[in-house]
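If you want the building blocks of each chain, they are given just below.
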Amino acid sequence: MFWWSLLCRDSWRTGYVNNELKGEVYEDVPEALERWQGSGIKVYIYSSGSRLAQRLIFGNTNFGDLRKYLSGFFDTTIGTKLSNHIDLKETLRGVEALCISAGEDEKAYIPPATTPSS
């Protein structure tokens, strides 16, 4: 199965580089990203797709290269997405890991009445 992943990755990369593929985003996305950046809000992408795939998609959208508005990309190597149940302790650790990985100085927001991971 590994070879299949490599083939797909290389096909996607070639398609985006040759302008044969475009990442489709809603028409309000570029304006929202620009507004948030202007307000000092950092935006990160977290997806089950690889960080390379995220960069290709947001670097080649139907509205051009939007990576200038994004502060970073994360994939499931830092933790899985939530399934049909929520493990609050695991979720909090994941949020903290995202903040630390993103280089944020502040601790992750911890909802009231919960214990942050140590």
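What you are looking at is a predicted structure, and each value in this text was computed from that prediction instead of being measured. (Residues numbered from 1 in each chain as written. Predicted model: local features only at pLDDT ≥ 70, side-chain atom pairs only at ≥ 80, totals over all residues. Heavy atoms only, no water.)

A.B. asks: Hey, could you go over the overall build of the protein for me, with residue numbers and the actual values?
C.D. replies: If you tally the helices and strands in the protein, you get four helices and two strands. Sorting the 118 residues of the protein into buried and exposed places 25% on the buried side. Here the contacts in the protein between residues at least 6 apart in sequence split such that 64% fall between residues at least 24 apart. When the accessible surface of the protein is totalled, it reaches about 8600 Å², and 56% of it is carbon and sulfur. (Helix = DSSP H or I, 4+ residues; strand = E, 2+ residues; numbered from the N terminus. Buried < 20%, exposed > 50% of the residue type's maximum accessible area, 1.4 Å probe, protein only. Contact = heavy atoms within 4.5 Å. Areas by Shrake-Rupley, 256 points an atom, 1.4 Å probe, with all protein chains shown as cover.)

A.B. asks: An account of the nonpolar core is needed here, citing residue identities and associated values.
C.D. replies: In this structure, Val25, Leu33, Val43, Ile45, Phe58, Leu66, Tyr69, Leu70 and Phe73 together form the largest nonpolar core, which totals nine residues. Contact partners of Leu33, with chain neighbours within four places excluded, come to Val43, Leu66, Tyr69 and Leu70. (Core = buried A, V, L, I, M, F, W, Y, C linked by side-chain atoms within 4.5 Å.)

A.B. asks: Hey, could you go over the pattern of salt bridges for me, with residue numbers and the actual values?
C.D. replies: Pairs may arise between side chains of opposite charge once their charged atoms sit close together. For the structure on display, the rule yields two salt bridges. Arg35 is the salt-bridge partner of Glu31, the closest N and O atoms lying 3.6 Å from each other. Taken together, the residues span about one helical turn, with Glu31 and Arg35 both in helix H2 (residues 29-38) at a distance of four residues. Across the pair Arg67 and Asp65 runs a salt bridge, and its minimum N-O distance is 2.7 Å. According to the relative accessible area criterion, Arg67 is partly exposed, its value standing at 37%. Residue Asp65 is classed as partly exposed on the basis of its relative accessible area of 35%. (Salt bridge = Lys/Arg side-chain N within 4 Å of Asp/Glu carboxyl O.)

A.B. asks: Could you give an account of the environment of Gly49, naming the residues involved and the relevant values?
C.D. replies: Relative to the helices and strands, Gly49 is located in the loop between strand S1 (44-46) and helix H3 (51-59). Of the residues examined, Gly49 reaches a relative accessible area of 24% and is grouped as partly exposed. Spatially, the C-alpha atoms of Gly49 and Asp75 are 6.3 Å apart, while their sequence positions differ by 26 residues.

A.B. asks: So, the side chain of Thr61: which residues are in play, and what are the values?
C.D. replies: Position of Thr61 relative to the elements: it lies in the loop between H3 and strand S2 (72-74). Looking at Thr61, its side chain comes within polar contact range of the main-chain nitrogen of Phe63, at 2.9 Å. Engagement of the side chain of Thr61 in a polar contact is seen with the backbone oxygen of Gly64, the distance being 2.6 Å. (Polar contact = N/O pair within 3.5 Å; in protein donor to acceptor, adjacent residues only side chain to side chain.)

A.B. asks: Mind laying out the environment of Leu52, listing which residues take part and the relevant values?
C.D. replies: As for its position among the elements, Leu52 is in helix H3. Classification of Leu52 as partly exposed rests on a relative accessible area of 31%.

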